[in-house]
Amino acid sequence: MALTQPIDPPDTEPPAEESRVTPAMAQYVEIKAANPDCLLFYRMGDFYEMFFEDAEIASRALGIVLTKRGKYLGKDVPLCGVPVVRADEYLHRLIALGHRVAVCEQLEDPAEARKRGSKSVVRRDVVRLVTAGTLTEDTLLDARRNNYLLAVARARLSSAGDEARFALAWIDISTGEFRVSECEAASLSAEIARLEPGEIIVSDALFSEADLAAYWRSLPVVMPVTRDVFDGATAERRLASFFAVATSEAFGPLTRLELTAAAACVTYVERTQIGQRPALSPPLRESAGASMAIDQATRGNLELMRTLAGERRGSLLDAIDRTVTAAGSRLLAQRLAAPLTDPAQIARRLDAVATFTGDSTARAETRSRLTAAPDLARALSRISVARGGPRDLAAVRDGVLAAADLARALATRSVTPPPQGGRKNLPAEIAEAMQACRKPDGMLAAELSGALAADLPAFKRDGGFIRDGYDSSLDETRALRDESRRVVAALQARYAEDTGIRILKIKHNNVLGYFVEVTAQHGEKLMAAPFNGIFIHRQTLAGQIRFTTTELGELESKIASAADRALGLELEIFERLVASVMAESANIKDCAGALASLDVASALAHLAAERDYTRPLVDDSHAFVIEGGRHPVVEQALSRDGTPFVANDCDLSPPPESHAGRIWLITGPNMAGKSTFLRQNALIAILAQTGSYVPARHAHIGVVDRLFSRVGAADDLARGRSTFMVEMVETAAILNQAGERALVILDEIGRGTATFDGLSIAWATVEHLHAVNKCRALFATHFHELTALSARLDRLHNATVRVKEWQGEVVFLHEVIAGAADHSYGIQVAKLAGLPASVIERAKVVLAKLEQEDRAAPKGFEDLPLFAVPSRPSQDARQPAEDLLAAALAAINPDDLSPREAMEALYRLKEQAAKKA
Ligand code: ADP
Ligand code: MG
């Protein structure tokens with residue numbers, strides 16, 4: 001059942017003249033041919049073996065030994081294998097490298113195969129395709145992140161094909177979540193960036209589309225699949241049949257395109273899971289504008305989920321994540337990736353957080369109860385695809401019990417009003433969560449508790465997971481297995497007594513199994529009436545005669561298979577328990593979701609209390625007022641060193657009677673804190689719309705529908721575009737897309753090119769933002785010239801970050817104030833950075849000359865003394881005018897000057913320089 005068309009016919013294909021191929025090899029070749037796009041894990045006893053090219057690929061990827069076994073068509077067959085018990089570890093590495101693995105199991109006992117004849121091969125088939133987007137094992141997954149399989153379908157809107165719409169459907173098979181949405185071509189990459197899918201499937205046709213090819217290549221795992229998977233005509237039927245409903249209308253209104261993408265997802269899941277049907281929730285539609293649009297570059301730039309270096313540590317998520325469960329952590333990440341745009345929904349979440357900020361006892365109790373709650377969703381999902389073990393059943397039991405307890409505890413708190421006017425009525429989100437926590441049938445937990453032993457093995461095949469006393473036939477079988485000797489001994493004693501033969505023995509060997517043995521003379525007695533009715537002769541040896549009895553035969557077979565039977569009975573009980581769990585799966589899933597949302601609400605409250613965050617006001621206005629805002633990540637990093645973070649205000653609200661937001665133009669030297677200020681305001685908006693409290697004294701935010709953040713001269717060499725090109729492409733996207741509700745952060749745009757180009761572009765960009773986009777914007781720049789724009793543009797506000805010059809050094813105060821920076825202090829910063837003194841001196845000279853020429857009439861760059869810089873400044877090489885200046889400079893001792901004297905000295909020097917020039 002190949003999902004993709006084989007690109008090359010596999011070289012393992014059986015040849016026409018099948019010259020001496022063993023039956024086992026023929027079986028391998030057949031199975032491999034059916035799964036050409038996967039590495040084939042071929043089960044042989046305790047190993048998964050790989051052959052031919054698969055073996056070569058795997059041995060390279062895993063660093064395992066490549067050997068040979070036998071010949072195929074006259075050539076050696078390369079082989080490598082991994083032990084079944086360690087298969088997960090190897091799978092993990094192969095999947096991470098972008099491979100797909102078909103797991104082929106033995107479907108019968110080798111003994112059964114032998115019954116069909118000595119040459120017959122054990123029946124085998126692929127039971128599962130392991131792909132990056134369809135994993136369920138904890139060992140293969142990051143507990144704190146969702147792992148999505150995403151299907152992308154496209155519909156052309158015009159016959160020319162230049163306009164298209166896309167539908168996305170994504171499933172986290174490990175939790176059962178299933179969503180669909182539609183988007184325009186322009187927001188496709190932003191949507192994919194938000195979801196960060198583990199695997200993307202698209203139709204062959206879409207995969208080979210010329211203008212998307214480069215984009216697909218830039219994503220980690222994109223899998224082209226055959227057309228039928230994305231067939232619109234059969235989509236509805238396939239989807240309905242997966243969920244065993246009559247029509248897809250059961251899922252609410254989905255567009256045809258959404259149905260196509262959703263059906264592609266379930267078809268792919270069915271084909272990879274081969275007969276197992278995971279407990280997916282019905283597809284839930286997400287409307288396009290429901291979340292803040294944040295493109296990939298902005299996400300990366302703001303380091304939402306990970307830092308630019310790719311680490312979770314140092315990201316916004318890491319800084320705010322105080323959840324105590326993996327499911328809570330996943331939900332928080334999901335919410336942070338898609339901040340809401342509906343103020344009512346946001347308020348709902350904030351209300352939930354407020355419940356716990358207002359009641360620290362409830363918060364602590366909730367968090368401690370949650371700590372004990374296992375990952376219900378993932379356990380349930382493994383159980384649903386027959387990959388669950390005894391511990392997953394225990395996880396369901398413990399999760400369900402923890403949820404019920406938590407709901408009860410919260411209910412008691414809500415009837416006794418907390419001191420100091422805390423709220424008595426629980427907000428909707430908490431009330432709903434409590435209800436969902438109580439949903440699973442109480443009998444289920446009781447049934448699981450009654451059945452499961454205290455210590456549970458990892459795998460059901462290990463047995464021993466059913467409690468003694470739960471099932472009488474299991475107890476009996478186990479007793480037989482464990483006490484076989486005692487049972488045999490008791491039988492021997494009885495026979496000895498009945499026959500009067502004291503030396504009668506029951507013995508065991510591999511040929512006869514259990515038998516009764518007496519001496520030859522006693523044997524005669526047993527072969528005569530009345531004993532010959534019980535004892536059946538088996539064997540006569542020199543001194544002994546051996547017998548069996550019906551009872552012993554029965555005991556024998558009971559004992560021989562007791563272990564097997566015990567395991568078999570346990571597995572039967574396991575399946576019964578699984579059926580009970582699956583009958584409650586929808587309720588369990590809701591309960592899991594409720595636990596996660598309680599975790600997020602209480603964790604955000606914990607964060608707010610710990611770091612002094614406040615509840616933001618988010619509404620439909622275009623306001624943007626932050627008082628005493630802080631950068632959530634930088635603040636925490638600084639506090640670890642005991643450095644305080646300087647809080648800053650920001651107000652981008654439109655003037656009265658207008659919707660057009662303000663633009664703040666921030667100038668100031670390097671290292672002053674411009675970038676930090678820009679980002680903190682964007683992060684506060686994200687946090688607020690995520691439904692979190694924010695690091696500020698006060699925050700009022702009119703919903704932001706799109707967020708853009710760009711840094712000049714970002715490095716994007718990987719995609720082969722010059723950094724300046726990238727900067728311009730990204731700036732273009734902003735200027736073309738940002739509307740009145742957008743928030744735009746531009747940091748040093750125009751730095752990637754020559755000064756005047758850059759300045760002109762920055763200039764025009766500010767004008768465009770002001771006149772056309774009319775959005776709220778923060779623009780940090782090193783082009784002081786831009787500050788002049790505020791005279792012409794009424795909504796442009798100049799701000800700068802305060803620095804103090806003290807004894808010739810700059811001191812950064814990190815305080816954002818109105819006004820423009822007087823100069824850029826670049827040389828002082830360079831000095832701080834430890835540039836050689838001679839370079840600093842020379843730079844000062846050049847600066848003086850540049851500034852004075854600039855004032856006269858700007859010339860081309862070649863006129864600037866930049867190119868006259870001697871490699872090593874020496875007295876002789878200096879020009880006369882500069883000599884004088886240098887002498888004047890040398891006469892000044894900055895440490896002895898007051899700021900006023902310093903300024904005067906500077907003016908004098910400049911005058912002097914102007915004369916000499
Ligand atoms: P710029 O963009 O102006 O060059 P940054 O924003 O990169 O400056 O800030 C430089 C450093 O200054 C930061 O790494 C941080 O340690 C510190 N800093 C910035 N803003 C603040 C602040 N408000 N309070 C305290 N330290 C700050
Ligand atoms: Mg900066």
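For clarity, every value in this text was computed on a predicted model and none was experimentally measured.

### Section: the packing of aromatic side chains
With the rule as written, the count across this model stands at 14 aromatic pairs. Ring geometry for F52 versus Y72: centroids 5.3 Å apart, planes at 70°, classification edge-to-face. With F52 in helix α2 (residues 52–62) and Y72 in strand β3 (residues 67–72), this residue pair connects regions lying 20 residues apart in the sequence. By the burial criterion, F52 is buried, and Y72 matches it. Note on Y215 and W216: the rings are 5.5 Å apart at their centroids and 40° apart in plane angle, and the pair reads as tilted. We classify W216 as buried; its relative accessible area is 2%. Feature note: the residues Y28, Y42, F51, F52 and Y72 constitute an aromatic cluster, connected by ring pairs. If you follow R461 out to its NZ or CZ, it ends over the ring of F459, 4.1 Å from the centre.

### Some remarks on the packing of helix α15 (residues 376–384) against helix α23 (residues 585–611)
Two elements in contact, α15 and α23, have axes whose closest approach is 9 Å; the angle formed by their N-to-C orientations is 155°. As the angle between them shows, α15 and α23 are arranged roughly antiparallel. Taking contact as the criterion, the partners of L376, A377 and L380 in α15 are, on α23, S585, I588, K589, C591, A592 and L595. Among the residues making up the contact of α15 with α23, the classes are represented as 7 nonpolar, 1 polar and 1 charged.

### Quick look at the pattern of salt bridges
Opposite charge on two side chains lets them pair, provided their charged atoms get close. With the rule as written, the count across this model stands at 52 salt bridges. A salt bridge links E137 to R128, with the shortest nitrogen-to-oxygen separation between them at 2.5 Å. Given the relative accessible area of 11%, E137 is considered buried. In this structure, D590 engages K439 in a salt bridge whose closest nitrogen and oxygen atoms are separated by 2.6 Å. Here D590 is found in helix α23, whereas its partner K439 is found in the loop between α17 (428–437) and α18 (442–451), with 151 residues between them in sequence.

### Here we look at the sheet that holds strand β24 (residues 743–747)
Strand order in the open sheet formed by 7 strands is β13-β23-β24-β25-β21-β26-β27, and the pairing between neighbours is mixed. Every interior strand has two partners, whereas the edge strands, β13 (293–294) and β27 (809–818), have only one. Relative to strand β26 (residues 796–806), strand β21 (residues 663–667) runs parallel, the two sharing 5 bridges. Paired with I663 across the bridge in β26 is L796. Sitting on the sheet, helix α25 (residues 674–690) is in contact with β13, β21, β23 (706–711), β24, β25 (776–780), β26 and β27, with an inclination near 160° to β24.

### Comments concerning the packing of helix α12 (residues 326–337) against α23
In the contact formed by α12 and α23, the axes pass within 8 Å of each other and the chain directions differ by 75°. With respect to α23, the element α12 is oriented roughly perpendicular. Where α12 approaches α23, its residues A327, G328, L331, L332 and R335 are matched on the opposing element by A596, S597, D599, V600 and L604. Residue classes in the contact of α12 with α23 are distributed as 6 nonpolar, 2 polar and 2 charged.

### Re the sheet that holds strand β6 (residues 124–130)
On the basis of which strands lie adjacent, the open sheet formed by 6 strands has the order β3-β4-β2-β1-β5-β6 and mixed pairing. Since the sheet does not close on itself, it has two edges, and those belong to β3 and β6, each with one partner. Ignoring which end each strand starts from, the neighbouring axes of this sheet average 35° apart. Relative to strand β4 (residues 75–83), strand β2 (residues 47–51) runs antiparallel, the two being bridged by 5 bridges. Considered in β4, the bridge of F51 is made with L79.

### Details of helix α14 (residues 360–371)
For the α-helix, the turn length of 3.6 residues means that residues three or four positions removed from each other point alike. Along its 12 residues, α14 runs 16 Å from first to last C-alpha, staying within 8% of the 16 Å computed at 1.5 Å per residue. Taken together, the buried positions of α14 are occupied by A362, R363, T366, R367 and L370. For α14, the angular spread of the buried residues around the axis is 125°, confining them to a single face.

### Let's talk about the site of ligand 1
In the vicinity of ligand 1 lie 14 residues, with V646, M671, K674, S675 and T676 positioned nearest. Measuring from an oxygen atom of ligand 1, one finds a side-chain N or O atom of S675 at 2.7 Å. Taking T676, its side chain carries an N or O atom lying 2.6 Å from an oxygen atom of ligand 1. Taking 550 Å² as the accessible area of ligand 1 by itself, protein coverage stands at 80%. Sorting elements by how many residues they give to the shell around ligand 1 places α25 first, with 3 residues.

### Let's talk about the side chain of H700
Mapping H700 onto the fold places it in strand β22 (residues 698–702). Within the structure, H700 has its side chain in polar contact with the side chain of D619 (distance 2.6 Å). Setting aside residues up to four positions removed in sequence, H700 forms contacts with L617, D619, S621, A623, F624 and V625.

### Brief notes about the pairing of β2
Of all 5 residues making up β2, 4 are buried, and the element is well covered by its neighbours. Examined bridge by bridge, strand β1 (residues 39–44) and β2 share 3 bridges and lie antiparallel to one another. Looking at β2, one finds that M44 is bridged to F47. Remark: 2 residues form the turn of the hairpin made by β1 and β2, two consecutive strands paired antiparallel; G45 in that turn has positive phi of roughly 65°.

### Describing the confidence of the model for the protein chain
Per-residue confidence for the protein chain gives a mean pLDDT of 86; residues scoring 70 or more make up 90%. This stretch, residues 4–18, has a pLDDT under 50; its non-local contacts, to residues over four places away or in other chains, come to 19 contacts. In this model, residues 857–878 is a region of pLDDT below 50 whose contacts with residues beyond four sequence positions or in other chains number 22 contacts.

### Looking at the environment of E191
Within the secondary structure, E191 is located in helix α5 (residues 188–195). For E191, a relative accessible area of 15% puts it in the buried group. Residues E191 and Q296, 105 residues apart in the sequence, show an inter-C-alpha distance of 8.7 Å. For E191, the residues in contact, after removing those within four places along its chain, are L168, S181 and C183.

### Here we look at the nonpolar core
If you look at the biggest cluster of nonpolar residues, it comprises 111 residues, and the most contacted ones within it are L316, L393, V396, V581, W664, I686 and L778. The leading source of residues in this core is α23, at 13 residues. In contact with V396, other than residues within four places in its own chain, are L376, I383, L444, L448, V581 and I588.

### Let's talk about unusual backbone geometry
That bond from A529 to P530 is cis: its omega, 0°, falls within 30 degrees of zero. In this fold, P530 is placed in the loop between α21 (520–526) and β16 (536–540). Backbone geometry places I274, a non-glycine residue, at a positive phi of 45°. Tracing the chain through its elements places I274 in the loop between α9 (256–273) and β12 (284–285).

### Observations concerning helix α3 (residues 87–96)
The complete set of buried residues in α3 reads A87, Y90, L91, L94 and I95. For α3, the arc enclosing every buried residue in end-on projection is 135°, short of the 170-degree limit, so these residues lie on one face. Backbone geometry just after α3 places G98 at a positive phi near 90°.

### Thoughts on the pairing of β26
Pairing of β26 with β27 involves 8 bridges; the strand directions are antiparallel. Paired with T800 across the bridge in β27 is I817. Remark: 2 residues form the turn of the hairpin made by β26 and β27, two consecutive strands paired antiparallel; Q807 in that turn has positive phi of roughly 50°.

### Some points on the side chain of T366
Turning to its location among the elements, T366 is positioned in helix α14. Leave out the neighbours within four places in its chain, and T366 touches F356, L406, L410 and S602.

### Observations concerning the environment of F724
With respect to the helices, strands and loops of the structure, F724 is situated in helix α26 (residues 723–737). Here F724 falls in the partly exposed class, since its relative accessible area comes to 22%. Counting along the chain gives 34 residues from F724 to G758, while the straight-line C-alpha distance between them is 9.9 Å.

Here is what the cut-offs are and how they apply
- Residues numbered from 1 in each chain as written.
- Chains lettered and ligands numbered in written order.
- Predicted model: local features only at pLDDT ≥ 70, side-chain atom pairs only at ≥ 80, totals over all residues.
- Heavy atoms only, no water.
- Phe/Tyr/Trp six-rings, centres within 6.5 Å; stacked < 30°, edge-to-face > 60°.
- Helix = DSSP H or I, 4+ residues; strand = E, 2+ residues; numbered from the N terminus.
- Buried < 20%, exposed > 50% of the residue type's maximum accessible area, 1.4 Å probe, protein only.
- Lys NZ or Arg CZ within 6 Å of the ring centre and 35° of its normal.
- Axes fitted to C-alpha atoms, helices over the stretch in contact; angles between N-to-C directions.
- Parallel < 35°, antiparallel > 145°, perpendicular 65-115°, else oblique.
- Contact = heavy atoms within 4.5 Å.
- Nonpolar A, V, L, I, M, F, W, Y, C, P; charged D, E, K, R; others polar.
- Salt bridge = Lys/Arg side-chain N within 4 Å of Asp/Glu carboxyl O.
- Pairing = 2+ DSSP bridges.
- Expected span 1.5 Å × (residues − 1).
- Arc of directions from axis to C-beta.
- Near = heavy atom within 4 Å.
- Polar contact = N/O pair within 3.5 Å; in protein donor to acceptor, adjacent residues only side chain to side chain.
- Areas by Shrake-Rupley, 256 points an atom, 1.4 Å probe, with all protein chains shown as cover.
- pLDDT = per-residue confidence, 0-100.
- Core = buried A, V, L, I, M, F, W, Y, C linked by side-chain atoms within 4.5 Å.

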